[in-house]
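An overview of the molecular structure
So the chains spell out like this:
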Amino acid sequence: MSLTGELIPDGTAKKDNLVDSKSDKYSYLSLGQSKFSECLKAILTDLNIIVQRDPAANNWLEVVLCYPGFQALLCHRLAHWLYSLEIPLVPRLISYWTRFLTGIEIHPAAQIGKGVFIDHGIGVVIGETAKVGDYVLLYQGVTLGGTGKEMGQRHPTIGKNVIVGAGAKILGNIKIANNVRIGANAVILRDVTANSTVVGVPGRVVSR
């Protein structure tokens, strides 16, 4: 019934619902295409950064076939794209089999920037709410995890151009600012300001 008290034909209501349904469908597809385009650009940047930074990388084909860090990121970006479209189960399965094949575990919900390089890779763990900025370098055994005492945002946020040494643990809802260097086996439990070098257990700033 309209505001004036007139009855609206059923056909009109059904037509409006059909239009809304089609609009939602196109919006969903457009969002998926946009996110997939971003995913492809990030993958290409990941590949290029490895070839540029790693002296052992002779060519892009070698990186694609022989670098578990790149393979893990490739699979994660696919899983994250599916996760962002709210597709159930499949993203977690991709994450599970990626861990089995590469020794690197990245939750599909983790947000990872472009140009990230996971060097060697074995034992790297990146939690569900972790955020990793552009051009970050992670060595083997790095954990971006939680403390078990937090809910919601419970994993670290890593800025741009950060280097995290082998075996380092960054735990909890903390922020690591841009251009930070974290030493091997350090345990970081507090925020770190930009352009700092952090070492030790617990982590302490040794230079800025």
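Below is a short write-up of the structure. Quick caveat, the model's predicted, so the values are computed rather than measured. (Residues numbered from 1 in each chain as written. Predicted model: local features only at pLDDT ≥ 70, side-chain atom pairs only at ≥ 80, totals over all residues. Heavy atoms only, no water.)

**Some thoughts on the pattern of salt bridges**
Under the defined criterion, the tally for this structure stands at 3 salt bridges. Taking the shortest distance from any N to any O, the salt bridge between Asp-46 and Arg-77 comes out at 2.7 Å. Here Arg-77 lies in helix H3 (residues 68-84) and Asp-46 lies in helix H1 (residues 10-53), a separation of 31 residues in the sequence. Like Arg-77, Asp-46 is buried. As a salt-bridge pair, Arg-99 and Glu-105 come within 3.4 Å of each other at their nearest N and O atoms. The exposure class of Glu-105 is partly exposed, given its relative accessible area of 31%. (Salt bridge = Lys/Arg side-chain N within 4 Å of Asp/Glu carboxyl O. Helix = DSSP H or I, 4+ residues; strand = E, 2+ residues; numbered from the N terminus. Buried < 20%, exposed > 50% of the residue type's maximum accessible area, 1.4 Å probe, protein only.)

**Some thoughts on the side chain of Ser-95**
Topologically, Ser-95 is positioned in helix H4 (residues 90-102). Assessed through its relative accessible area of 11%, Ser-95 is described here as buried. At 2.9 Å, the side chain of Ser-95 forms a polar contact with the backbone oxygen of Ile-106. When residues no more than four places from it in sequence are discounted, the contact partners of Ser-95 are Ile-106, His-107 and Pro-108. (Polar contact = N/O pair within 3.5 Å; in protein donor to acceptor, adjacent residues only side chain to side chain. Contact = heavy atoms within 4.5 Å.)

**What about the packing of aromatic side chains?**
In total, this model carries 3 aromatic pairs according to the counting rule given. Summarising the aromatic geometry, the rings of Phe-36 and Trp-81 are spaced 4.8 Å apart at their centres and angled 50 degrees between planes, so their arrangement reads as tilted. With Phe-36 in helix H1 and Trp-81 in helix H3, this residue pair connects regions lying 45 residues apart in the sequence. A centroid spacing of 5.5 Å and a plane angle of 80 degrees characterise the contact between Tyr-96 and Trp-97, whose relative ring orientation is edge-to-face. Among the residues examined, Tyr-96 registers a relative accessible area of 43% and is labelled partly exposed. Among the aromatic residues, those joined into a cluster by ring pairs are Tyr-96, Trp-97 and Phe-100. (Phe/Tyr/Trp six-rings, centres within 6.5 Å; stacked < 30°, edge-to-face > 60°.)

**Description of the side chain of Thr-102**
Summarising the element assignment, Thr-102 is placed in helix H4. On the basis of relative accessible area, Thr-102 is assigned to the buried category, the value being 9%. A distance of 2.7 Å separates a polar side-chain atom of Thr-102 from the backbone oxygen of Thr-98. Polar contacts involving the side chain of Thr-102 include one to the main-chain amide nitrogen of Ile-104, which spans 3.2 Å. Ignoring any residue separated from it by four or fewer positions in sequence, one finds Thr-102 in contact with Pro-68, Gln-71, Ala-72 and Ile-122.

As far as function goes, none of this settles anything; it's purely spatial.
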